[in-house]
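A look at the structure
Chain by chain, the residues run as shown.
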Amino acid sequence: MAEDSDLERTEEATPKRLEKAREEGQVARSQELTTFTLLMAAAAGIMFMGAGLMDKLLRIMKAGMQMERDLAFQTDLMLNRLYELAFEGLLSMAPLLFLLLVIAFFAPMLLSGWMFSAKALIPKFDRINPIKGLGRIFSVHSLVELVKAILKTVVIGGVAALVIWHNKEAVMALLTVPVHLGISRAGDFLAMSFLLIIGAILLVVVIDVPYKIWEHAKQLRMTKEEIRKEHKDSEGDPFIKARIRGLQREAARRRMMAEIPKADVIVTNPTHYAVALRYKSETMRAPTVVAKGVHLLAARIREVAEEHRIPILEAPPLARALYHHAELESEIPEKLYTAVAEVLAYVFQLRRYNEYGGAAPKPPVDVPVPVELDPAQQAV
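A few points on the structure. (Residues numbered from 1 in each chain as written. Predicted model: local features only at pLDDT ≥ 70, side-chain atom pairs only at ≥ 80, totals over all residues. Heavy atoms only, no water.)

As for the pairing of strand 1 (residues 265–268)
Worth spelling out the cut-off: Partly exposed describes any residue whose relative accessible area lies between the buried limit of under 20% and the exposed limit of over 50%, with all areas from a 1.4 Å probe on protein chains only and scaled to the type maximum. The way it works is that DSSP assigns letters per residue, a run of H or I at least four long becomes a helix, a run of E at least two long becomes a strand, and they are numbered from the N terminus. Strands qualify as paired when DSSP identifies two bridges or more between them.
By the alternation rule, side chains of strand 1 split into V265 and V267 and I266 and T268, which are all buried. Where strand 1 meets strand 2 (residues 273–278), four bridges bridge the pair, whose relative direction is antiparallel. The residue of strand 2 that forms the bridge with V267 is V275. The antiparallel hairpin formed by strand 1 and strand 2 contains four residues in its connecting segment. Judged from the three bridges that link them, strand 1 and strand 4 (residues 312–314) form a sheet pairing that is parallel. Across the sheet, the residue bridging to I266 is I312, located in strand 4.

Right, here's the structure in full:
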């Protein structure tokens, strides 16, 4: 049962899945929204450009209806005249056509924004599979689209029928008025009908847009197994990552052990902590921690120090403070300068004693360590 639930597409798409779908050209689109936007743009264009456009088209029509005597006997002149009038008519309608072209380009971006995907242009030969084609024809999606088309036809056709029925007397009255006045009234009637039909399409858009968004989200749903696989691919296999971290720690430990022979002193707890310090006044501003560890690693640090005859000093508070507050390969905190200075002074005296003899130096006792830096004293 658990495996079956993991294979069901019940989870929302992840940002990575959404981005991949967008790259493939798979986004939410509403044809009804595009149609509504185009019709609104056409209505606005006709409203603002209609008077001038009508005058130009009437002038072209009058020019076309007038025929000179020479044109009746020379076919080439008639064709040239036709070309001139057609080109003039095209120029007259160019602003409106350009507006519709721009709206047709930007209208699909209203729902999902700008997107260009070359993958969407790649032909998919599985679409010509007749079996899959039949499956698409009789799918739930096709049924929903059929219902939408029927409802759209009923709504738009019903609105158009109501408008015509309500204004049937005004339409019949157009036959009794002069031509120029009838054309003007017919234009007003068509504009009103056009706007009412666009209003009906708006009702379809209000239903279609949320459905398209929901349908797109449903198509991109993922199974729990897919989400786990994506997380593993993006974050990396946890076993491999653990192995890499282990190798990194081992490499860091080897580097740290290689630095111990260069240390000046090992400060110990004496058994739980071990911190190796190095200080070269010519190149260093303050003493640096070259190695540190607890328990078995601390014991190993002491063994390497004994092999290379590095001085080992028992100073439990200082060892604890250095381990918890000093980073590896970094300078010690300023609050520990005084304590470490006493330790290094003893080390340099011990080194001089080993070289030249004399009175053996005494190891420092009760090295001063601030209470806030010693975990043991804070716990008391």
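Notes on the pairing of strand 2
Most of strand 2 sits out of view: five of its six residues are buried. As paired elements, strand 2 and strand 3 (residues 288–294) share six bridges and run antiparallel to each other. Bridge pairing links Y273 to V294 in strand 3.

Looking at the packing of aromatic side chains
Where we set the bar: Ring pairs shown here join Phe, Tyr and Trp side chains whose ring centres sit within 6.5 Å, with only the six-membered ring taken for Trp; geometry is labelled stacked below 30 degrees between planes, edge-to-face above 60, and tilted in between. Any Lys NZ or Arg CZ found within 6 Å of a ring centre and within 35 degrees of that ring's normal is scored as a charge over the ring.
According to the stated counting rule, one finds three aromatic pairs in the structure shown. Judged by centre distance (5.0 Å) and plane angle (85 degrees), the ring pair of F105 and F106 falls under edge-to-face. On the basis of relative accessible area, F105 is assigned to the partly exposed category, the value being 49%. Between Y273 and Y323, the ring centres sit 5.2 Å apart and the planes meet at 65 degrees, which makes this aromatic pair edge-to-face. On the criterion of sequence distance, the pair formed by Y273 in strand 2 and Y323 in helix 14 (residues 316–325) is long-range, its members being 50 residues apart. By relative accessible area, which is 23% here, Y323 ends up partly exposed. The ring of Y323 carries K292 above its face, with NZ or CZ at 5.2 Å from the centroid.

Re the nonpolar core
The nonpolar side chains of a soluble globular protein tend to be buried with one another. The condition is simple: Residues belong to a common nonpolar core when they are buried Ala, Val, Leu, Ile, Met, Phe, Trp, Tyr or Cys residues joined through side-chain atoms within 4.5 Å. In what follows, residue pairs with any heavy atoms lying within 4.5 Å of each other are defined as contacts.
Counting 25 residues, the largest nonpolar core has V267, L277, L318, L322, L336, V340 and V343 as the members making the most contacts within it. Those elements giving two or more residues to this core turn out to be strand 1, strand 2, helix 14 and helix 15 (337–356). With seven residues, helix 15 is the largest single contributor of residues to this core. Those residues in contact with V340, other than ones at most four positions away along the chain, are L277, P287, L318, L322 and I332. Counting residues in hydrophobic clusters, the runner-up holds 14 residues, among them M256, A263, I301 and V304.

Some thoughts on a positive patch on the surface
Our working definition: Surface patches are drawn from residues lacking salt bridges whose relative accessible area is over 30%; two like charges belong together within 9 Å, two nonpolar side chains (Val, Leu, Ile, Met, Phe, Trp, Tyr) within 5 Å. Every accessible area reported is derived by Shrake-Rupley at a probe size of 1.4 Å, with residue values counting cover from the shown protein chains alone. Counted as salt bridges are all cases of a side-chain nitrogen of Lys or Arg within 4 Å of a carboxyl oxygen of Asp or Glu. Residues scored as positive are Lys and Arg, those scored as negative are Asp and Glu, and His as well as the terminal groups of each chain are ignored. Where a charge sits is defined by one atom per residue type, namely NZ (Lys), CZ (Arg), CG (Asp) or CD (Glu).
On the surface, K241, R245, R249 and R253 cluster together into a patch of positive charge. Position of R249 among the secondary structure elements: in helix 12 (residues 238–259).

Notes on the environment of P108
Take P108: it is sitting in the loop between helix 5 (75–106) and helix 6 (109–112). C-alpha of P108 to C-alpha of T35: the two residues are 73 residues apart in sequence and 9.5 Å apart in space. Beyond its immediate sequence surroundings of up to four residues, P108 is in contact with R29, T34 and I103.

Thoughts on the sheet that holds strand 2
Backbone-to-backbone hydrogen bonds join strands into a sheet, with any given pair of strands oriented parallel or antiparallel. Put simply, the rule reads: Helix axes are fitted only over the stretch in contact, all axes being lines through C-alpha atoms; the angle between N-to-C directions runs from 0 to 180 degrees.
Sheet architecture is open: four strands sit in the order 3-2-1-4, paired in mixed fashion. In the strand order of this sheet, the two ends are held by strand 3 and strand 4, each with one partner. Each strand axis lies, on average, 20 degrees off the axis of its neighbour in the sheet, ignoring direction. The strands touched by helix 13 (residues 296–307) within the sheet are strand 1, strand 2, strand 3 and strand 4, with strand 3 carrying the most contacts at an inclination of about 125 degrees. Each of strand 1, strand 2 and strand 4 is contacted by helix 15, which is oriented at about 130 degrees to strand 1, the strand it contacts most.

A word on a nonpolar patch on the surface
Where nonpolar side chains cluster on the molecular surface, the patch consists of L57, F87, L90, L91, M93 and L97 and spans about 540 Å² of accessible area. At five residues, the largest contribution of residues to the nonpolar patch is made by helix 5. Along the chain, the position of L97 falls in helix 5. Overall, L97 belongs to the partly exposed group, its relative accessible area being 41%.

A short note on the pattern of salt bridges
For side chains bearing opposite charge, pairing can occur when the charged atoms are close. In total, this model carries seven salt bridges according to the counting rule given. In this structure, E303 and R300 form a salt bridge, with 3.1 Å as the shortest nitrogen-oxygen distance. Placement of the pair is E303 and R300 together in helix 13, with a separation of three residues, close to one helical turn. Here K335 ties to E372 by a salt bridge, and the two come within 3.4 Å at their closest N and O atoms. Here the residue K335 occupies a position in the loop between helix 14 and helix 15, and E372 occupies one in the loop between helix 15 and helix 16 (375–379), the gap between them amounting to 37 residues. Classification of K335 as exposed rests on a relative accessible area of 53%.

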